[in-house]
Every structure is written in structure tokens, then in C-alpha cells.
Amino acid sequence: AVKHWLYMALLVVLFVAPLLALVVYALAPGWRFPDLWPHAWSMRTIEQVFMGPQTSRIFSHLLWSVVYSLLTTGATLAICLVPAQHLARHEFSGKRVLEALLLAPALVPAMTFSMGVHFAFIKLGLADTLPGVVLVLTVFSYPYMLRALVAGYQAFGREYELCAANLGAGFFQRLLSVELPLILPSAIAGGSVVFLVAFSEYFLVFLIGGGAVPSYTGYLFPILNSSDRALGSMLTLVFLLVPLLLFVLTDVVVTRAYRKRGMY
């Protein structure tokens with residue numbers, strides 16, 4: 001019991017304490033060292049973010065970030081299903097080398113990866129466009145989805161697919177009715193990582209989007225570098241709130257879907 005409480009206390013210190021510091025910074029613009037506690041509180045940042053002249057712009061950038069992050073998540077799922085199934089189900093010469101090559105984008109620094117891609121996208125007319133941003137984020141983040149789906153396929157055997165095939169189910173019917181429900185937890189895990197990577201990415205979106213594709217990180221970073229710590233803290237809290245709400249919504253939807261199918 002003591003170890004359990006010590007572990008929980010450590011988690012609070014590591015994860016909750018920084019959030020509390022952000023909340024205090026956002027509501028106490030005058031909080032400065034060496035004061036241990038703010039002397040005055042203010043609702044200025046709440047009014048600026050939610051009721052100020054920049055509110056529509058802030059949430060427009062936020063919406064754009066959510067849209068291209070969701071599109072990136074969907075694109076990575078679509079392109080990783082077949083390779084993940086093949087890597088999980090078959091052994092062949094050079095498999096480890098191929099897996100290493102497929103996981104390479106996650107290991108290459110974003111700046112190194114993006115410079116050559118930017119030149120190619122200019123030639124293809126994809127620079128400064130939403131499809132270009134989605135495509136570059138998909139290429140950069142698909143290894144996270146691929147690794148999760150491979151683990152998902154390895155968690156159950158081929159018997160389910162073979163049984164469905166023997167009953168006359170085609171490829172797409174097996175994929176939608178048999179495989180996807182079974183690998184859904186893995187897809188959600190990989191999709192969560194992909195969404196976070198795309199949603200928090202600044203450099204790739206700025207370079208490929210060229211300012212024509214708004215992003216919340218592009219709006220947030222200049223403020224974080226300014227002297228207005230309170231506004232930067234409030235915008236950071238809004239930034240953190242979006243993935244949390246999305247994960248809660250995903251959990252509710254998936255739980256209901258499993259209950260309808262009698263799997264929960």
C-alpha cells in the first residue's frame with residue numbers, strides 16, 4: 001500500500017504539478033520570482049482567449065490543426081493496414097531490413113527529413129496546400145501506426161480470417177467485419193500517437209504549409225517566445241485540452257461499439 005501511494009505521489013509530481021503551474025501562470029499574470037504564491041489574480045487571459053477580438057482566429061487555427069491531424073491519422077491507417085498484415089503474417093528474407101527501412105522516418109530528424117521533401121513538394125505543386133501538409137505528416141508519422149498494427153495482427157491468429165474466407169467473405173468484407181474490430185485497440189493506440197505527433201508538429205507544417213495552412217502551433221509558438229507568460233500558459237492549456245477531449249470521446253464511442261457487438 002505504501003509503495004502504491006508513493007507511486008501515485010510521483011505521478012502527481014511529474015504530471016499534475018506542471019499543469020497546476022500553468023493554471024496559476026494563466027490566472028496570475030503578475031506572478032514573479034521570488035514570490036512563492038501570486039499576490040493578485042486576473043481573468044484577463046480567459047477573456048482574451050474565449051471572448052476577445054482574437055478568439056475567432058485562435059479557434060480557427062485550432063480547428064485547422066484538428067482537421068489535418070485527423071486526416072493524417074486516417075491516411076496512416078489506410079496505408080498501414082496491408083503492410084502491417086503482411087509483416088505480421090509472413091516470414092521472408094530481408095524482413096528485418098525492410099522493417100527498419102519502414103521505421104526510418106520516425107528516427108530521422110524532422111529538419112533533415114523536410115528539406116528534401118519540401119523541394120519535391122514545390123515541384124509537384126503540393127507546397128502551401130492542405131494535402132501537402134497531410135501527406136508530409138503521414139510520411140513522417142506512419143511508423144507509429146505501422147508498429148501498433150503489426151502488434152495488433154500478431155495478437156490473434158489467422159483462424160478468424162480463414163474462417164470468414166471459407167464462409168465466402170471477400171477481402172474488404174473480412175477487413176471491415178473481422179480484422180478491424182480485432183485490431184481496433186491497436187489502431188486506436190497508433191492513431192493516438194499519430195494524432196499527437198501531427199497536432200504538435202510545428203516545423204513541418206510551417207515549412208510545407210508555408211503559412212497558407214494555419215496551425216495552432218504556428219499561432220502558439222510566437223506567443224510562448226513573447227513576454228506574456230499568462231497568455232502563453234492559457235493557450236497551452238487549450239492545446240492540452242483538445243487531445244484529452246478527443247481521447248475521452250474515442251473511449252466512449254469504442255466502448256459503446258464493443259457493447260453493441262457483445263465484446264465488452
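In what follows, the accompanying structure is described. (Residues numbered from 1 in each chain as written. Predicted model: local features only at pLDDT ≥ 70, side-chain atom pairs only at ≥ 80, totals over all residues. Heavy atoms only, no water.)

**A look at the layout of surface pockets**
In this structure, the largest pocket spans a volume of roughly 310 Å³. Here the element with the most residues in the lining of the largest pocket is helix 9 (residues 171-200); it accounts for seven residues. Along the walls of the second largest pocket sit 13 residues, with F206, G211, V213, S215 and G218 positioned nearest its centre. Of all elements in the fold, only helix 3 (55-89), helix 10 (203-209) and helix 11 (216-224) reach the threshold of two or more residues within the lining of the second largest pocket. In terms of residues, the lining of the second largest pocket owes the most to one element, helix 10, which gives three residues. (1 Å grid on protein atoms, 1.4 Å probe; cavity = no way out; pocket = protein on both sides within 12 Å on 5 of 7 lines; lining within 4 Å. Points joined across faces, edges and corners; volume = space filled by probe spheres on them. Helix = DSSP H or I, 4+ residues; strand = E, 2+ residues; numbered from the N terminus.)

**Some points on the side chain of T72**
Turning to its location among the elements, T72 is positioned in helix 3. Each residue touching T72, except ones within four places of it in the same chain, is listed here: V134, L137, T138, S141, V194 and A198. (Contact = heavy atoms within 4.5 Å.)

**Quick notes on the nonpolar core**
For soluble globular proteins, the rule of thumb is that nonpolar side chains tend to be buried together. Core analysis: the largest hydrophobic core is formed by 17 residues, its most contacted members being Y68, V133, V136 and L137. A per-element tally of this core places helix 7 (residues 130-154) first, with five residues. L137 has contacts with Y68, T72, A198, E201, L204 and V205, leaving out every residue within four places of it along the chain. (Core = buried A, V, L, I, M, F, W, Y, C linked by side-chain atoms within 4.5 Å. Buried < 20%, exposed > 50% of the residue type's maximum accessible area, 1.4 Å probe, protein only.)

**Examining the packing of helix 3 against helix 12 (residues 229-260)**
Interhelical geometry of helix 3 versus helix 12 gives an angle of 35° and a closest axis separation of 12 Å. When you trace helix 3 past helix 12, the crossing you get is right-handed. Here I58, L62, V66 and L70 of helix 3 lie close against helix 12, whose contacting residues are L235, V238, V242 and L246. Taken together, the residues that form the contact of helix 3 with helix 12 break down as eight nonpolar, no polar and no charged. (Axes fitted to C-alpha atoms, helices over the stretch in contact; angles between N-to-C directions. Left-handed = near helix turned anticlockwise from the far one by under 90°. Nonpolar A, V, L, I, M, F, W, Y, C, P; charged D, E, K, R; others polar.)

**Considering the side chain of S141**
Mapped onto the elements, S141 comes out in helix 7. Of the polar contacts made by the side chain of S141, one reaches the backbone oxygen of L137; its length is 2.5 Å. Ignoring sequence-local partners within four residues, the contact set of S141 consists of T72, T76, V194 and V197. (Polar contact = N/O pair within 3.5 Å; in protein donor to acceptor, adjacent residues only side chain to side chain.)

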